[in-house]
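Now for the letters of each chain:
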Amino acid sequence: MIELAVIVTLATLGVGVATVLGLHLLPTVRLQLVGLALLAVVLPLAAVLLSGWVMIHMGADVKILAVASASASAAVGAALLLARSISRRIDRLRATSSQLAEGDLAARAPETGPRELAELGTSFNEMAGNVERLFDARRQLVAWASHDLRTPIASMQAMLEALEDGLAEPEAYLPALRDQVRRLGMLVEDLFELARIDAGLLTLELREAEIEHVVESCLRGLEPEARAKHVRLEARIAQPARAVCAPEKVERVLFNLLTNSLRHTPSDGSVAVVVEPLSHEVRITVEDTGDGIAPELVRRMFDRFWRGDRARSSGKAGGGLGLAIAQGLVEAQGGRIWAETRPGGGARVSFTLPAAA
Ligand SMILES: Nc1ncnc2c1ncn2[C@@H]1O[C@H](COP(=O)(O)OP(=O)(O)OP(=O)(O)O)[C@@H](O)[C@H]1O
Ligand SMILES: [Mg+2]
């Protein structure tokens, strides 16, 4: 009798494992679930029947068979119902993803039902939300870029037409023309730099550098502009700091931050670069005593083409790309950049760079 029990148990296990492996080959979740239900009912029953048949010498086999088939049919029925509800939810998710693939970016999947499917719905919706935001941002970028390119071109065209018609002397328009060409050149250069950052094509030669030298070289370049505006420009470096960075890119970041500060600081104000070595990084801060930034706008400043209303209306806004480029360059060197309002008025923009070992 013990041998029989061992043989039946081993045979049940063997058939069970083989069938489960076979179930993986079935093409749909529905079929797999039905197969699983059948296996769960038929296999133990077969084992009971086999041992019962031997034990009771075919005494009550018809009754046992009837009970066995009834319970097996009930289980298969229940499995079919379950499978239908699961596959209906999956079908809805599939339909939503086809809608999204066809360009309907507002399509969202239901987030109800069994936990796994609800979670799948939630993460699908998160992905769809991100795709929608990305497309919106791209649309906005193209709209702003074309506006900013069109404005200087239209103005140059008007000036050239006036010159052709003899309505003005070339000398009168030359400085304005040069100015517009310079604006266009800078905008194209900035767009090119951003495209390279986005495409990951930025080739950075990271090396150890003394931040003091980078700051000094940048301040030297901006000193005449600061003097002309009567703005005090200074560096506050309490302790020498070395960082692993691409010095020419750090200079570009500093230049973008300093030109912003000079642009937004009235005469008799001051702009300072503060360098602080921390445990694993070097923090560089540019702070000014100028217009300052509203706390709710400190994140938006880094968006491409974004310019504050105050900057626009006072004519102090540029292309709106300076901070976006600074963010791209800082992050490519393994640092972070953020803005805050300076206690006592003015703006403060800081970034970090990995400290040299
Ligand atoms: N130091 C600052 N003080 C006050 N507002 C600032 C300061 N720096 C930046 N901003 C605000 O953030 C906006 C975005 O700055 P960003 O440098 O990206 O563009 P921009 O200076 O307008 O143009 P660009 O740098 O392309 O010439 C500015 O238009 C301005 O409204
Ligand atoms: Mg700027």
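The structure under discussion appears in the preceding block.
Residues numbered from 1 in each chain as written. Chains lettered and ligands numbered in written order. Predicted model: local features only at pLDDT ≥ 70, side-chain atom pairs only at ≥ 80, totals over all residues. Heavy atoms only, no water.

Moving on to a positive patch on the surface. Together, Arg30, Arg84, Arg88 and Arg92 line one region of the surface with positive charge. Assignment of secondary structure puts arginine 88 in helix 3 (residues 61–101). (Patch = residues over 30% accessible without salt bridge, like charges linked within 9 Å, V, L, I, M, F, W, Y side chains within 5 Å. Areas by Shrake-Rupley, 256 points an atom, 1.4 Å probe, with all protein chains shown as cover. Salt bridge = Lys/Arg side-chain N within 4 Å of Asp/Glu carboxyl O. Lys, Arg positive; Asp, Glu negative; His and termini not counted. Charge placed at Lys NZ, Arg CZ, Asp CG, Glu CD. Helix = DSSP H or I, 4+ residues; strand = E, 2+ residues; numbered from the N terminus.)

The next subject is the site of ligand 1. Around ligand 1, a shell composed of 19 residues is seen, among which Asn260, Arg263, Gly308, Gly320 and Leu321 lie nearest. Here glycine 308 contributes a backbone N or O atom positioned 2.9 Å from an oxygen atom of ligand 1. Here ligand 1 has 600 Å² of accessible area as a free molecule, and 93% of this is covered by the chains. For the shell around ligand 1, the elements supplying multiple residues, two or more each, are helix 7 (247–264) and helix 9 (322–332). Across the shell around ligand 1, the residue classes break down as 7 nonpolar, 9 polar and 3 charged. (Near = heavy atom within 4 Å. Polar contact = N/O pair within 3.5 Å; in protein donor to acceptor, adjacent residues only side chain to side chain. Nonpolar A, V, L, I, M, F, W, Y, C, P; charged D, E, K, R; others polar.)

Quick look at the packing of helix 6 (residues 211–229) against helix 7 now. Helix 7 packs onto helix 6 with a crossing angle of 20° between their chain directions and a minimal axis gap of 9 Å. As far as their axial angle goes, helix 7 and helix 6 are roughly parallel. Helix 7 is crossed by helix 6, and the crossing has right-handed handedness. Across the interface between the two elements, Val214, Val215, Ser217, Cys218, Leu219, Leu222, Glu225, Ala226 and Lys229 from helix 6 touch Pro247, Val250, Glu251, Leu254, Phe255, Leu258, Thr259, Leu262 and Arg263 from helix 7. Looking at the contact of helix 6 with helix 7, its residues break down into 12 nonpolar, 2 polar and 4 charged. (Axes fitted to C-alpha atoms, helices over the stretch in contact; angles between N-to-C directions. Parallel < 35°, antiparallel > 145°, perpendicular 65-115°, else oblique. Left-handed = near helix turned anticlockwise from the far one by under 90°. Contact = heavy atoms within 4.5 Å.)

This part is about the pairing of strand 4 (residues 270–277). When you tally the buried positions in strand 4, you get 6 out of 8 residues, the bulk of the element. Across 7 bridges, strand 4 lies against strand 5 (residues 281–288) in antiparallel orientation. Its bridge partner lying in strand 5, valine 274 is registered against threonine 285. In this antiparallel pair of consecutive strands, strand 4 and strand 5, the connection spans 3 residues. (Buried < 20%, exposed > 50% of the residue type's maximum accessible area, 1.4 Å probe, protein only. Pairing = 2+ DSSP bridges.)

Both trends apply: most residues other than glycine have a negative phi, and most peptide bonds are in trans. Phi is positive for histidine 230, close to 60°, though the residue is something other than glycine. With respect to the helices and strands, the residue histidine 230 is situated in the loop between helix 6 and strand 2 (232–237). Residue histidine 230 is classed as exposed on the basis of its relative accessible area, which comes to 57%.

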